[in-house]
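# Examining the three-dimensional arrangement
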Amino acid sequence: MKKPIRARRAEDKELRRKSILDAAEKTIANRGLEKTNFGEIAKRSRLSRALIYVYFPKREDLIHAVCERGLKKMLGCFEAVVASHATGLDQTLALGHAYHAFSKEEKLYFGVLSEADTYEIHPTSMNEIECAVSQCSKEVLSVVAAAIQRGKEDGSIRKDVGDPMQTAVTIWSFTHGLIQISGSKQYLLKEDLGIGVEQITAQGFRLLRNALASK
């Protein structure tokens, strides 16, 4: 039985969109984000530049669509981490470690997401793709906030730690900074300060545990 025409068209549209994003990711991986352009993406995807503009009118739209892919992958990792730990404290700390692991294992996504974090779009001027990325970001942070709330309820996290979402954003900021410094300042840490990357990371997570743990 043949699919209805509308269903086939929707499927074809989604396949073309996927092809463009696959090509964009390969281009970013090979050339870097700054040098990525629609011409090379068109070549890799075997689609015309004009068609790519239909799907992604601006270069930023394409980058945000790659961000959405990365956030969805991160969300899946985070949900799996939460399911494999019992207490809220263990879940929260494991999520921090999972974010650190994501930065190493998914360098392309982490790099694109880090670049996107350097500028802000006002909610009233967001287009559909930007709204989707914003929603994915909220879902990722909500997993962390839920783990913190769970820890407050099960007694593993201090009751006075504060609002779970505010705390989740603070942990994200702390962990992201730890990743960035340990990744970009290895020479300074090792040669000037005598501190290894593993040491600074371990110390960071020890401080995080001490700040959160109820005892």
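Each chain carries its own residue numbering, running from 1 in the written order of its sequence. The model is predicted, so local features are restricted to residues of pLDDT at least 70 and side-chain atom pairs to those at 80 or more, both for listing and for counting; the totals for chains, interfaces and linings are taken over all residues. By convention in this description, side-chain values take in all heavy atoms of the structure and omit both hydrogens and water.

### Notes on the layout of surface pockets
Lining residues are defined by having an atom within 4 Å of a point belonging to a cavity or pocket. Those points lie on a 1 Å grid over the protein atoms alone, cavities being sets where a 1.4 Å probe fits but cannot get out and pockets being open sets with protein on both sides within 12 Å along at least five of seven lines. Grid points are joined across faces, edges and corners, and a volume is the space filled by probe spheres set on the points. One number sums up the size of the largest pocket: a volume of about 900 Å³. Elements represented by at least two residues in the lining of the largest pocket include exactly α4 (59–83), α5 (88–105), α6 (107–116), α7 (128–154) and α8 (164–184). It is α7 that provides the largest number of residues to the lining of the largest pocket, a total of nine residues. Ten residue types, Ala, Val, Leu, Ile, Met, Phe, Trp, Tyr, Cys and Pro, are classed as nonpolar, four, Asp, Glu, Lys and Arg, as charged, and the remainder, Gly among them, as polar. By residue class, the composition of the lining of the largest pocket is 21 nonpolar, six polar and four charged. Labels follow the DSSP assignment, with helices taken as runs of H or I lasting at least four residues and strands as runs of E lasting at least two, numbered in each case from the N terminus.

### Structural notes on the pattern of salt bridges
It is possible for side chains bearing opposite charge to pair when their charged atoms get close. A carboxyl oxygen of Asp or Glu within 4 Å of a side-chain nitrogen of Lys or Arg is what we treat as a salt bridge. Tallied over the full model, the rule gives nine salt bridges. In this structure, the salt-bridge partner of K72 is E68, at a minimum N-O distance of 3.4 Å. Taken as a pair, K72 and E68 lie in helix α4 at a separation of four residues, close to a single helical turn. The partner of R158 in a salt bridge is D160, with the nearest N and O atoms 2.8 Å apart. Buried, partly exposed and exposed residues are distinguished by accessible area as a fraction of the type maximum, computed with a 1.4 Å probe on protein chains only: under 20%, between the cut-offs, and over 50%, respectively. Residue D160 is classed as exposed on the basis of its relative accessible area, which comes to 55%. Linked by salt bridges that have partners in common, K18, D22, E25 and R69 make up one network.

### Quick look at α5
An ideal rise of 1.5 Å per residue puts 26 Å on 18 residues; α5 measures up with 25 Å between its terminal C-alpha atoms. The buried fraction of α5 is high, at 13 of 18 residues. A helix is expected to span 1.5 Å multiplied by its residue count minus one.

### Let's talk about a nonpolar patch on the surface
Together, M165, V169 and W172 line one region of the surface with nonpolar side chains, adding up to about 220 Å² of accessible area. A relative accessible area of 32% places V169 in the partly exposed class. Nonpolar side chains (Val, Leu, Ile, Met, Phe, Trp, Tyr) within 5 Å and like charges within 9 Å form the patches, drawn only from residues with over 30% relative accessible area and no salt bridge. Per-residue and other accessible areas follow the Shrake-Rupley method at a 1.4 Å probe size, with only the shown protein chains counted as cover for residues.

### Describing the side chain of Q91
Within the fold, Q91 resides in helix α5. Any pair of N or O atoms that falls within 3.5 Å is considered a polar contact. Within protein, one atom must be able to donate a hydrogen and the other to accept it, and sequence-neighbouring residues count only if both atoms are side-chain atoms. Here the side chain of Q91 touches V82 through a polar contact of 3.3 Å, landing on its backbone oxygen. Setting aside residues no more than four positions away along its own chain, Q91 makes contact with V81, V82, H85, A86, A147 and R150. Here, two residues are considered to be in contact whenever any of their heavy atoms come within 4.5 Å of each other.

### A look at helix α2 (residues 38–45)
Taking burial as the measure, the eight residues of α2 include six buried ones, the bulk of the element. Every buried residue of α2 is accounted for by F38, G39, E40, I41, A42 and S45. N-capping of α2 is provided by N37, with a side-chain oxygen placed 3.0 Å from the backbone N of G39.

### Examining the nonpolar core
Counting 55 residues, the largest nonpolar core has I20, I41, F56, L62, F78 and L95 as the members making the most contacts within it. Per-element accounting of this core gives the leading share, 11 residues, to α4. Not counting residues up to four positions away in its chain, the partners in contact with L95 are F78, V81, V82, V143, V144 and A147. Only buried Ala, Val, Leu, Ile, Met, Phe, Trp, Tyr and Cys residues count toward a nonpolar core, and they belong to the same one when joined by side-chain atoms within 4.5 Å.

### A look at the confidence of the model for the chain
Of the residues in the chain, 97% have a pLDDT of 70 or more, and the chain-wide mean is 90. As a per-residue measure, pLDDT tells how confident the predictor is, with possible values from 0 to 100. Across the chain, the element-wise mean pLDDT spans from 77 in helix α9 (residues 186–192) up to 96 in α5.

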